[in-house]
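Chain by chain, the residues:
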Amino acid sequence: LAKTTQPISMDSYEGQEVNITCSHNNIATNDYITWYQQFPSQGPRFIIQGYKTKVTNEVASLFIPADRKSSTLSLPRVSLSDTAVYYCLVGDMGYSSASKIIFGSGTRLSIRP
Amino acid sequence: EPEVTQTPSHQVTQMGQEVILRCVPISNHLYFYWYRQILGQKVEFLVSFYNNEISEKSEIFDDQFSVERPDGSNFTLKIRSTKLEDSAMYFCASRTGLRTEAFFGQGTRLTVV
């Protein structure tokens, strides 16, 4: 499993775009990059996953450069409800294995009015 | 949207007692997991379960822990003789082999006194 490094915490304001970058220098060919969100006293919730280039859904965008050694989660126009811990995970989530999902320390995002 | 259900939401037990935490994964999922999160710390992997057997387990998952899928719908975590340090949130998760995101339950808060 590739090790990930992300900022411990970030602060922003309502209405701003927030970008959280994750480094994963040892990412393997079969690894996907997945981001989860966790609110206090709740289970983690899947946000977005990608392999390369850019992925966008109704919640966020994920930018992955060609070398895949890093990725950036982009949250457009954040609100107070986006205050949470965001986890960057890298691993083989293929059908052939029961790959465990390993969480790092995450980035604690605080949104202010 | 289908969800993973965990019961109870909160359990208080005396040190040395046995506890069983229960989970109902999403019905067509094939892979099942237990995680724990001590207050203020990161989410820690305990065990993964596939095809009616343990796939992987962490160092935390010692002989005091066991998992079972007794009836094809429930997925349980048993702690035989609880210790104070077992106090944590316990999360159950499940996923299919076809989709790579894992769905987490809302957790059971276990308090050992």
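Heads up: the structure comes first, above all this text.
Residues numbered from 1 in each chain as written. Chains lettered and ligands numbered in written order. Predicted model: local features only at pLDDT ≥ 70, side-chain atom pairs only at ≥ 80, totals over all residues. Heavy atoms only, no water.

Draft legend 1. Here's a closer look at the state of the cysteines. Under the defined criterion, the tally for this structure stands at two disulfides over all chains. Across the disulfide from C22 of chain A sits C88 of chain A; the S-S distance is 2.1 Å. In this structure, the disulfide formed by C22 of chain A and C88 of chain A twists by about -80 degrees around the S-S bond and is classed as left-handed. With C22 of chain A in strand β2 (residues 18-23) and C88 of chain A in strand β8 (residues 84-91), this pair connects stretches of sequence that are 66 residues apart. The disulfide partner of C23 of chain B is C92 of chain B, and the gap between their sulfur atoms is 2.0 Å. Between C23 of chain B and C92 of chain B, the S-S dihedral sits near -65 degrees, and the bridge is therefore left-handed. Within this pair, whereas C23 of chain B is found in strand β3 (residues 19-24), its partner C92 of chain B is found in strand β9 (residues 88-95), the two being separated by 69 residues in sequence. (Disulfide = S-S within 2.5 Å. Helix = DSSP H or I, 4+ residues; strand = E, 2+ residues; numbered from the N terminus.)

Draft legend 2. How the structure looks around the pattern of salt bridges. Per the counting criterion, the structure on display carries two salt bridges over all chains. Here R112 of chain A and D11 of chain A are joined by a salt bridge, their closest N and O atoms 3.3 Å apart. Remark: D11 of chain A occurs in strand β1 (residues 9-13) and R112 of chain A occurs in strand β9 (residues 107-112); sequence separation between them is 101 residues. Take R112 of chain A: its relative accessible area is 41%, and that puts it in the partly exposed class. R36 of chain B is the salt-bridge partner of E44 of chain B, the closest N and O atoms lying 3.0 Å from each other. (Salt bridge = Lys/Arg side-chain N within 4 Å of Asp/Glu carboxyl O. Buried < 20%, exposed > 50% of the residue type's maximum accessible area, 1.4 Å probe, protein only.)

Draft legend 3. Local environment of the packing of aromatic side chains. Under the criterion given, the structure shown has 15 aromatic pairs over all chains. Consider the rings of Y36 of chain A and F104 of chain B, whose centres lie 5.9 Å apart with planes at 85 degrees: the pair is edge-to-face. One end of the pair, Y36 of chain A, is in strand β3 (residues 32-38); the other, F104 of chain B, is in strand β10 (residues 103-104), on a second chain. Under the relative-accessibility criterion, F104 of chain B is labelled buried at 9%. Residue placement shows R68 of chain A over the ring face of Y51 of chain A; its charged tip is 3.9 Å from the ring centre. When the ring centre of Y31 of chain B is taken as origin, the NZ or CZ atom of R95 of chain B, which lies over that ring, is 4.7 Å away. (Phe/Tyr/Trp six-rings, centres within 6.5 Å; stacked < 30°, edge-to-face > 60°. Lys NZ or Arg CZ within 6 Å of the ring centre and 35° of its normal.)

Draft legend 4. Molecular detail of the side chain of Q6 of chain B. Residue and element names in this part refer to chain B. Topologically, Q6 is positioned in strand β1 (residues 5-7). In terms of polar contacts, Q6 uses its side chain to reach the backbone carbonyl oxygen of Y90, at 2.8 Å. Only 3.1 Å separates the side chain of Q6 from the backbone nitrogen of G107, close enough to count as a polar contact. In this structure Q6 touches R22, C23, W34, Y90, F91, C92, G105, Q106, G107 and T108, once residues within four positions along its chain are discounted. (Polar contact = N/O pair within 3.5 Å; in protein donor to acceptor, adjacent residues only side chain to side chain. Contact = heavy atoms within 4.5 Å.)

Draft legend 5. Representation of the interface of chain A and chain B in the model. With 21 residues of chain A in contact, the opposing surface of chain B contributes 24 residues. Carbon and sulfur atoms make up 54% of the surface buried where chain A meets chain B, a total of about 1900 Å² over both sides. At the junction of chain A with chain B, the criterion picks out zero salt bridges. Scanning the region where chain A abuts chain B turns up four residue pairs in polar contact (both at pLDDT 80 or more). Sorting the residues of the side of chain A that touches chain B by element identifies β3 and β4 (45-50) of chain A as the ones contributing at least two each. In the side of chain A that touches chain B, the residues fall into 10 nonpolar, 10 polar and one charged. (Buried area = accessible area lost by both parts, 1.4 Å probe. Nonpolar A, V, L, I, M, F, W, Y, C, P; charged D, E, K, R; others polar.)

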